[in-house]
Amino acid sequence: MIMDTMMSLRVFCMVAELKSFAATGARLNLSPAMVSKHVMHLENRLGNRLLNRTSRRVSLTESGALYFNQARQMLEGLDEVEAAISNVTVMPRGTLKLSAPVWAASTYFTAILAEYGQRYPDVCLDMHLSGRIVNLVEEGFDLALRASPRERLDAGLVARPLMSINFCLVGSPGYLARTGKPEKISDLNGHALLRYSGIQVSEGMTFESPDGPQTVKFRTVMQSENETILHLGALEGMGLVFLPEWMVQHDTDAGRLRLLLPEAIGFTTMLHAVYPSRKYLSAKVRTFIDFLASRASAPDMASMP
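The structure displayed is predicted, hence computed values, not measured ones.

In this structure, the largest pocket spans a volume of roughly 900 Å³. For the lining of the largest pocket, the elements supplying multiple residues, two or more each, are helix 1 (5–18), helix 2 (21–28), helix 4 (62–86), strand 3 (94–100), strand 4 (123–129) and helix 9 (283–296). Residue composition of the lining of the largest pocket, by class: 15 nonpolar, six polar and 15 charged.

What follows covers unusual backbone geometry. The backbone of lysine 19 sits at a positive phi, close to 60°, despite the residue not being glycine. Note on placement: lysine 19 falls in the loop between helix 1 and helix 2. The phi torsion at leucine 261 lies on the positive side, around 45°, for a residue other than glycine.

The next thing to look at is the environment of alanine 293. With respect to the element layout, alanine 293 can be found in helix 9. Separated by 20 residues in the primary sequence, alanine 293 and alanine 273 have C-alpha atoms spaced 9.3 Å apart.

It is worth spelling out the nonpolar core at this point. Of all hydrophobic cores here, the largest spans 41 residues; its most connected members are Trp103, Phe109, Leu143, Leu145, Leu162 and Phe288. Each residue touching leucine 145, except ones within four places of it in the same chain, is listed here: Leu98, Ser99, Ala100, Pro101, Phe109, Leu162, Leu271, His272, Ala273 and Leu292.

Attention shifts here to helix 9. Taking 1.5 Å per residue, 14 residues should reach 20 Å; helix 9 reaches 20 Å between its end C-alpha atoms and fits that length. Burial analysis of helix 9 places ten of its 14 residues in the buried class, which makes it a mostly covered element. Among all positions in helix 9, only Ala283, Lys284, Val285, Thr287, Phe288, Ile289, Phe291, Leu292, Ala293 and Arg295 are buried.

Turning next to the packing of helix 1 against helix 2. The relative placement of two packed helices is expressed as an angle between their axes plus a distance between the axes. For the pair helix 1 and helix 2, the least separation of the axes is 8 Å and the interaxial angle reads 125°. It follows from the interaxial angle that helix 1 and helix 2 lie oblique. For the pair helix 1 and helix 2, the crossing hand works out as right-handed. Residues Met7, Val11, Met14, Val15 and Leu18 of helix 1 pack against Phe21, Ala23, Thr24, Arg27 and Leu28 of helix 2. Of the residues in the contact of helix 1 with helix 2, the class split is eight nonpolar, one polar and one charged.

Here we take up the packing of aromatic side chains. Summed over all chains, the structure comprises ten aromatic pairs. Judged by centre distance (6.5 Å) and plane angle (85°), the rings of tryptophan 103 and phenylalanine 167 are edge-to-face. Taken together, the residues tryptophan 103 in the loop between strand 3 and helix 5 (107–119) and phenylalanine 167 in strand 6 (residues 157–171) connect sequence positions 64 residues apart. Both residues of the pair, tryptophan 103 and phenylalanine 167, count as buried. Taking 5.3 Å as the distance between ring centres and 50° as the angle between the ring planes, the aromatic pair formed by tyrosine 108 and tryptophan 246 counts as tilted. Of this pair, tyrosine 108 sits in helix 5 while tryptophan 246 is found in helix 8 (residues 245–254), placing the two residues 138 residues apart along the sequence. One aromatic cluster is present, formed by Trp103, Tyr108, Phe109, Phe167 and Trp246 through successive ring pairs. Stacked on the ring of phenylalanine 141, the Lys or Arg lysine 97 has its end atom at 4.6 Å from the ring centre.

Using the criterion set out here, one finds six salt bridges in the structure. One salt bridge connects arginine 295 with glutamate 115, and the closest N-O pair in it is separated by 3.4 Å. Pair noted here: arginine 295 is in helix 9 and glutamate 115 is in helix 5, with a separation of 180 residues, a long-range link. Between arginine 256 and aspartate 251 there is a salt bridge whose closest N-O contact spans 2.7 Å. Arginine 256 gets classed as partly exposed once you look at its relative accessible area, which sits at 42%. Among the residues examined, aspartate 251 registers a relative accessible area of 7% and is labelled buried.

Calculation rules
Residues numbered from 1 in each chain as written. Predicted model: local features only at pLDDT ≥ 70, side-chain atom pairs only at ≥ 80, totals over all residues. Heavy atoms only, no water. 1 Å grid on protein atoms, 1.4 Å probe; cavity = no way out; pocket = protein on both sides within 12 Å on 5 of 7 lines; lining within 4 Å. Points joined across faces, edges and corners; volume = space filled by probe spheres on them. Helix = DSSP H or I, 4+ residues; strand = E, 2+ residues; numbered from the N terminus. Nonpolar A, V, L, I, M, F, W, Y, C, P; charged D, E, K, R; others polar. Core = buried A, V, L, I, M, F, W, Y, C linked by side-chain atoms within 4.5 Å. Buried < 20%, exposed > 50% of the residue type's maximum accessible area, 1.4 Å probe, protein only. Contact = heavy atoms within 4.5 Å. Expected span 1.5 Å × (residues − 1). Axes fitted to C-alpha atoms, helices over the stretch in contact; angles between N-to-C directions. Parallel < 35°, antiparallel > 145°, perpendicular 65-115°, else oblique. Left-handed = near helix turned anticlockwise from the far one by under 90°. Phe/Tyr/Trp six-rings, centres within 6.5 Å; stacked < 30°, edge-to-face > 60°. Lys NZ or Arg CZ within 6 Å of the ring centre and 35° of its normal. Salt bridge = Lys/Arg side-chain N within 4 Å of Asp/Glu carboxyl O.

Next comes the structure, spelled out in structure tokens:
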């Protein structure tokens, strides 16, 4: 039996995404046995096992993961080229593997994701939230959202600016009741700081004031690249913390946290969409980036505190 290698590639990629031979067969109108033959065709062609199979679970081998990442991008690019030639609009579909900062797990950003999902229901968002800088190509990510100056981003990647992210200084009423609420910049000296190691926030920080630059010396009591633990620490009264406004808006509205010196303290960084440079960008990546950029200029975004 002569196997169609291109079809085998599509079958393998769907098995890798669905983690099931039966589900892939149902989706492609193939028997599980035929799905298995397509995968075996690729494995024999490559001389490598691509999938680990048990009675309960299907998973990618190390070689399979590398092959899947490259094959998926190639198939998506091919679909885009064929659509362009045929003048057919390709609806985005498949899994969009995305890396983002932990603070993206906020009510506001989740609402953006939900809106995108309603518009493009055939896209599954595979969200990875951490302070770690992932290797997009080697780890098979479609794109990453990074809040960094452009000059600090990888030179070999495409970086599209999306929106400004404002970081503010907040503290709990309990902490402020013990230490006193700072009324001016110099009052911040000696205050406990929950330090986010994902951005350049140090114990000694200089702020501009009407009287000229003023340097404040904080006292670090905890540091982490995970904003969630810092957020929770601030709510428990451990100290002050610089966090994105997205992350603390509901807490400041409810009085669980208080903004400190908002006119004088804080900083802004740019959120970029970062992705490998490819001539043909898949529909799911292109629409997601365009959607985020459009939300950055929406009226309700402009009204964020």
